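Chain and residue survey
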Amino acid sequence: MKYFSGNKEGGNSALYFKAQEIMQISRRISDYLVPDMAVLNESGTEDQSIYFTGDIIRNSHSLILNINKAETEFFQDSRMQYVASVSRLTERLYKSCERLEYVSSNGRDFLVVLRKEIQRFRKLQRVWRLSL
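Since we're looking at a predicted model, the values are computed, not measured.

Counting its regular elements, the protein contains four helices and zero strands. Shown N-terminal to C-terminal, the secondary structure of the protein runs as helices and strands in the order α-α-α-α. In terms of principal-axis extent, the alpha carbons of the protein reach across some 65 × 20 × 20 Å. Of all 132 residues assigned to the protein, the portion counted as buried reaches 39%.

Membership of the largest hydrophobic core comes to 29 residues, with the highest contact counts inside it found for Ile 67, Leu 114, Phe 121 and Trp 128. Listing elements by their share of this core, those giving two or more residues are α1 (14–37), α2 (50–72), α3 (76–100) and α4 (111–131). Among the elements that make up this core, the one with the highest residue count is α1 (nine residues). Each residue touching Phe 121, except ones within four places of it in the same chain, is listed here: Leu 15, Lys 18, Ala 19, Ile 22, Leu 63, Ile 67, Val 86 and Thr 90.

This next bit is on the pattern of salt bridges. Pairing is possible between side chains that carry opposite charge, provided their charged atoms lie close to one another. Inspection of every chain in the model, using the stated rule, returns eight salt bridges. Salt-bridge contacts for Glu 117 lead to Lys 18; the nearest nitrogen and oxygen are separated by 2.6 Å. Of this pair, Glu 117 sits in helix α4 while Lys 18 is found in helix α1, placing the two residues 99 residues apart along the sequence. In terms of burial, Glu 117 and Lys 18 fall into one category: buried.

For α1, built from 24 residues, the straight-helix expectation of 34 Å at 1.5 Å per residue is met to within 8% by its first-to-last C-alpha distance of 34 Å. Every buried residue belonging to α1 is among Leu 15, Tyr 16, Lys 18, Ala 19, Ile 22, Met 23, Ile 25, Ser 26, Ile 29, Ser 30, Leu 33 and Met 37, and all of these are buried.

Moving on, we come to α4. Between its first and last C-alpha, α4 extends 30 Å over 21 residues, near the 30 Å set by a 1.5 Å rise per residue. Taken together, the buried positions of α4 are occupied by Leu 111, Leu 114, Arg 115, Glu 117, Ile 118, Phe 121, Gln 125 and Trp 128. On its buried face, α4 is in contact with α1, α2 and α3.

Applying the stated criterion to the full structure yields three aromatic pairs. Relative to Phe 17, the ring of Tyr 16 has its centre 6.1 Å away and its plane inclined at 75°; by these criteria the two rings are edge-to-face. Tyr 16 sits in the buried class, given a relative accessible area of 15%. For the ring pair Tyr 32 and Phe 110, a centre distance of 5.4 Å and an interplane angle of 90° mean the geometry is edge-to-face. A residue pair is termed long-range when its members are at least 10 positions apart, and Tyr 32 in helix α1 and Phe 110 in the loop between α3 and α4 qualify at 78 residues. It is Arg 122 that lies over the ring of Tyr 94; its NZ or CZ is 4.4 Å from the centre.

Calculation criteria
Residues numbered from 1 in each chain as written. Predicted model: local features only at pLDDT ≥ 70, side-chain atom pairs only at ≥ 80, totals over all residues. Heavy atoms only, no water. Helix = DSSP H or I, 4+ residues; strand = E, 2+ residues; numbered from the N terminus. Buried < 20%, exposed > 50% of the residue type's maximum accessible area, 1.4 Å probe, protein only. Core = buried A, V, L, I, M, F, W, Y, C linked by side-chain atoms within 4.5 Å. Contact = heavy atoms within 4.5 Å. Salt bridge = Lys/Arg side-chain N within 4 Å of Asp/Glu carboxyl O. Expected span 1.5 Å × (residues − 1). Phe/Tyr/Trp six-rings, centres within 6.5 Å; stacked < 30°, edge-to-face > 60°. Lys NZ or Arg CZ within 6 Å of the ring centre and 35° of its normal.

So, in structure tokens, the structure goes:
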């Protein structure tokens, strides 16, 4: 008899696969944006927006980890903490994408793709939250 919604293998949900897809897109966008933003400004300082590229990678990676923990957690209270964490990370990821759209780089056009995937992720997240 199964007493919790997760499985031992973890990560077989549609939300988990969507999070992996978001992670791949985030890495590709970051790899594309970083060379354009790594050039120093006229004043000799770096573009402060370069840190948002690392944020989207870190937040998308944390999404995968927290989804896996929520699906494999036995206790309901702990599961809900991970679910809340996934919601916060999703919001941070979306905000970082919005901030990167103001960067002067050709790669910012790809951020629209990532934002659409995050919106699809949010829809899956609502159903996933109820199924835990």
